[in-house]
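Structural overview
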Amino acid sequence: MTRIDFYLLTDTGTRAAIDVTCRLCDKAAARGKRVYVHSVEADTVDELDAALWSFRQGSFIAHERYTGEVDAAAPPAVLLGHLPPPDEYRSVMINLAAETPAFFSQFERVLEVVSGDARVRAAARKRFRFYRDRGYALEIHELGANGAPDAQR
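Keep in mind the model is a prediction, meaning the values are calculated, not measured.

1. Concerning the packing of helix α1 (residues 14-30) against helix α2 (residues 42-54)
Here α1 crosses α2 at 50°, and the two axes come no closer than 10 Å. Of the possible angle classes, the one that applies to α1 and α2 is oblique. Crossing of α1 over α2 shows right-handed handedness. Between α1, through Thr 14, Arg 15, Ile 18, Thr 21, Cys 22 and Cys 25, and α2, the contact on the second element is made entirely by Thr 44, Glu 47, Leu 48, Ala 51 and Leu 52. Considered class by class, the residues forming the contact of α1 with α2 number 6 nonpolar, 3 polar and 2 charged.

Set out below in structure tokens:
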């Protein structure tokens, strides 16, 4: 069964969510996992695309926008998109969308990155209840400033 992790940020802007998403992509890719980042917002995909190029000084996280095809000869570690991903990218999904994608249960893990914005939190609470009501294993990670684990809680 899919494991669901919620990463709750105190920052209300999208920049913190993008930074945490980059760190999660980097960590999963370092472990040999292919990651699918789901977002229906073009601005979010644009910002994440740029951030993945410059996330770490001196290197980048190999990624591409998914439009229905992947270069089989050189598949990237990370795909960005809103379509159901290819089978090779079913290990980890990072959901940046307000809704639960219909294909979420095909993944081993779903990571929900949630900023401190009130509307984003309200949508995340709906997704949390959706997963909980269906019996999925849920874990919450509270992150403080700059996406660091919140030692205060």
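So, next bit.
2. Some words on the environment of Ala 73
As for its placement among the helices and strands, Ala 73 is situated in the loop between β3 (63-65) and β4 (78-81). On a C-alpha basis, the gap between Ala 73 and Ile 94 in space is 24 Å, while along the polypeptide they are 21 residues apart.

3. Thoughts on the pattern of salt bridges
Under the criterion given, the structure shown has 11 salt bridges. One salt bridge connects Glu 47 with Arg 15, and the closest N-O pair in it is separated by 3.9 Å. Note that Glu 47 is positioned in helix α2 and Arg 15 in helix α1, a separation of 32 residues in sequence. Connected through salt bridges with shared partners, the residues Arg 3, Asp 5, Arg 109 and Glu 139 form a single ionic network.

4. Observations regarding the packing of aromatic side chains
Considering all chains together, one arrives at 12 aromatic pairs under this definition. Summarising the aromatic geometry, the rings of Phe 6 and Tyr 131 are spaced 6.1 Å apart at their centres and angled 65° between planes, so their arrangement reads as edge-to-face. With Phe 6 in strand β1 (residues 3-9) and Tyr 131 in helix α3 (residues 118-133), this residue pair connects regions lying 125 residues apart in the sequence. With respect to burial, Phe 6 and Tyr 131 carry one shared label: buried. Measuring from centroid to centroid gives 5.2 Å for Phe 104 and Tyr 136, while their planes differ by 65°, and the two rings are edge-to-face. With Phe 104 in the loop between β5 (92-95) and β6 (109-114) and Tyr 136 in the loop between α3 and β7 (137-143), this pair connects stretches of sequence that are 32 residues apart.

Cut-offs and rules
Residues numbered from 1 in each chain as written. Predicted model: local features only at pLDDT ≥ 70, side-chain atom pairs only at ≥ 80, totals over all residues. Heavy atoms only, no water. Axes fitted to C-alpha atoms, helices over the stretch in contact; angles between N-to-C directions. Helix = DSSP H or I, 4+ residues; strand = E, 2+ residues; numbered from the N terminus. Parallel < 35°, antiparallel > 145°, perpendicular 65-115°, else oblique. Left-handed = near helix turned anticlockwise from the far one by under 90°. Contact = heavy atoms within 4.5 Å. Nonpolar A, V, L, I, M, F, W, Y, C, P; charged D, E, K, R; others polar. Salt bridge = Lys/Arg side-chain N within 4 Å of Asp/Glu carboxyl O. Phe/Tyr/Trp six-rings, centres within 6.5 Å; stacked < 30°, edge-to-face > 60°. Buried < 20%, exposed > 50% of the residue type's maximum accessible area, 1.4 Å probe, protein only.

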